[in-house]
Amino acid sequence: MQIFKVDAFTDSLFTGNPAAVLPVDEWLSAETMQLIAMENNLSETAFILNNGDGLFDIRWFTPETEVDLCGHASLAAAHVIMTHINKNENTVIFNSKSGELRVEKSGSTYWLDFPSQPPKPVSMPKLLPEAIGTIPIYAGFNVDLMVLVENEQIIQNMTPNFDMIRNLDVRGVIVTAASASESVDFVSRYFAPAVGVPEDPVTGSAHTVLTPFWSKKLGKKRLEARQISKRGGSLACINEGNRVKIGGSAVTFLTGTIHA
């Protein structure tokens, strides 16, 4: 099988979020796909099955489990299709466990069209302040726990306790704040040790939660976001009501063959 490794939500190698993409002629067993994802040891490995006419099935695996939605690996998969498989394609439609996902390319930007997942206010988990080292000023939930803190510096200096986060009984924790930069609206980091991803470098799916939250808070439809992990990544976000568009670039790091 061919394998591609792509850095997503960046235009420079060694930054953004790396994902593995494997085109397959037929679905492997879930066990085999999970073993390949574990061997890759990246936050996500995407498997894509070509149905013709720009239509693909897609499945995503962390090193520990299959997930229903992944943004950066979808962007990476679209990049592989439009750059290496069919250079004439500018639109790809993925059939996934989260429904139909469309990716369109405009210039060097891939635009993901995902369902919006606005957070609903929830009570602060008792372990949370100790787990992330600060007392949030807001907590909301939709798929992941999203917490708002006072400023960007708190997020930059955060040294979370992953064992405690794993015990919060959530898939992941999104920590966000307004950006200190005039060119960026908000920043975030994402921690998901419960699914084998202590910190995800850049998380497209988290922005289906962050985009409606910040759009409402700032009164803006289009927002510029930055995930301030060690690798870092940039995302353009557009709130379209029931859908969000998330834009970013991607670069291929390697192509190869898996002997499995």
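Scroll up to find the structure this text is about.
Residues numbered from 1 in each chain as written. Predicted model: local features only at pLDDT ≥ 70, side-chain atom pairs only at ≥ 80, totals over all residues. Heavy atoms only, no water.

Draft legend 1. Focus on the packing of aromatic side chains. A complete count under the given rule lists seven aromatic pairs for this structure. Measuring from centroid to centroid gives 5.9 Å for Phe14 and Phe253, while their planes differ by 70°, and the two rings are edge-to-face. Pair noted here: Phe14 is in the loop between strand 1 (2–8) and strand 2 (17–24) and Phe253 is in strand 18 (residues 250–257), with a separation of 239 residues, a long-range link. Relative accessible area serves as the criterion here: at 37%, Phe253 is assigned to the partly exposed category. Ring-pair connections join several aromatic residues into one group, and the members of that group are Tyr138, Phe186, Phe213 and Trp214. Over the ring of Trp27 we find Arg59; its NZ or CZ atom is 5.4 Å from the centre of that ring. (Phe/Tyr/Trp six-rings, centres within 6.5 Å; stacked < 30°, edge-to-face > 60°. Helix = DSSP H or I, 4+ residues; strand = E, 2+ residues; numbered from the N terminus. Buried < 20%, exposed > 50% of the residue type's maximum accessible area, 1.4 Å probe, protein only. Lys NZ or Arg CZ within 6 Å of the ring centre and 35° of its normal.)

Draft legend 2. Seen up close, the side chain of His79. Within the element layout of this structure, His79 appears in helix 2 (residues 71–85). By relative accessible area, which is 6% here, His79 ends up buried. Setting aside residues up to four positions removed in sequence, His79 forms contacts with Val6, His84, Tyr110, Ala250, Val251 and Thr252. (Contact = heavy atoms within 4.5 Å.)

Draft legend 3. How the structure looks around the pairing of strand 4 (residues 55–61). Of all seven residues that make up strand 4, six are buried, and the element is covered over most of its length. Hairpin geometry of strand 3 (residues 45–52) and strand 4 is characterised by an intervening segment of two residues between the two adjacent antiparallel strands and by a positive phi of about 55° at Asp53. Taken together, the three bridges between strand 4 and strand 6 (residues 91–96) define a ladder with parallel strand orientation. Its bridge partner lying in strand 6, Leu55 is registered against Ile93. (Pairing = 2+ DSSP bridges.)

Draft legend 4. Region of the structure containing unusual backbone geometry. We note that Phe9 has phi near 60°; this positive angle belongs to a residue other than glycine. Tracing the sequence through the fold places Phe9 in the loop between strand 1 and strand 2. We note that Asn41 has phi near 55°; this positive angle belongs to a residue other than glycine. Overall, the relative accessible area of 58% leaves Asn41 in the exposed class.

Draft legend 5. The nonpolar core, seen in detail. Among the nonpolar cores identified, the biggest contains 50 residues, and Phe9, Ile48, Trp60 and Phe94 are the most heavily contacted of them. Per-element tally for this core: the top contributor is helix 2, with eight residues. Among the nonpolar cores identified, the runner-up in size contains 20 residues, and Leu145, Met164, Leu168 and Ile228 belong to it. (Core = buried A, V, L, I, M, F, W, Y, C linked by side-chain atoms within 4.5 Å.)

Draft legend 6. Up close: the pattern of salt bridges. If you walk through the whole model with that rule in mind, you get eight salt bridges. Ionic pairing is found between Asp144 and Arg171, a salt bridge with its closest N-O pair at 2.7 Å. Separated by 27 residues along the polypeptide, Asp144 in strand 11 (residues 144–148) and Arg171 in the loop between helix 5 (162–166) and strand 12 (173–178) bring together distant segments of the chain. Residue Asp144 is classed as buried on the basis of its relative accessible area of 1%. Residue Arg171 is classed as partly exposed on the basis of its relative accessible area, which comes to 23%. Note that Arg222 and Glu224 form a salt bridge whose closest N and O atoms lie 3.1 Å from each other. Residue classification places Arg222 among the partly exposed residues on the basis of a relative accessible area of 43%. Relative accessible area serves as the criterion here: at 27%, Glu224 is assigned to the partly exposed category. Here the residues in one salt-bridge network are Arg59, Glu66 and Lys97, joined through shared partners. (Salt bridge = Lys/Arg side-chain N within 4 Å of Asp/Glu carboxyl O.)

Draft legend 7. Seen up close, the environment of Ile36. Within the secondary structure, Ile36 is located in helix 1 (residues 30–40). Counting along the chain gives 15 residues from Ile36 to Asn51, while the straight-line C-alpha distance between them is 22 Å. Ignoring any residue separated from it by four or fewer positions in sequence, one finds Ile36 in contact with Met1, Leu22, Leu28, Phe47 and Ile258.

Draft legend 8. Region of interest: helix 1. Within helix 1, the full set of buried residues consists of Met33, Gln34, Ile36 and Ala37. Each buried residue of helix 1 sits inside an arc of 160° when the element is viewed along its axis, so together they form one side. In helix 1, the exposed positions angled more than 90 degrees off the buried face are occupied by Glu31 and Glu39. The secondary structure elements touched by the buried residues of helix 1 are strand 2, strand 3, strand 4 and strand 5 (66–67). (Arc of directions from axis to C-beta.)

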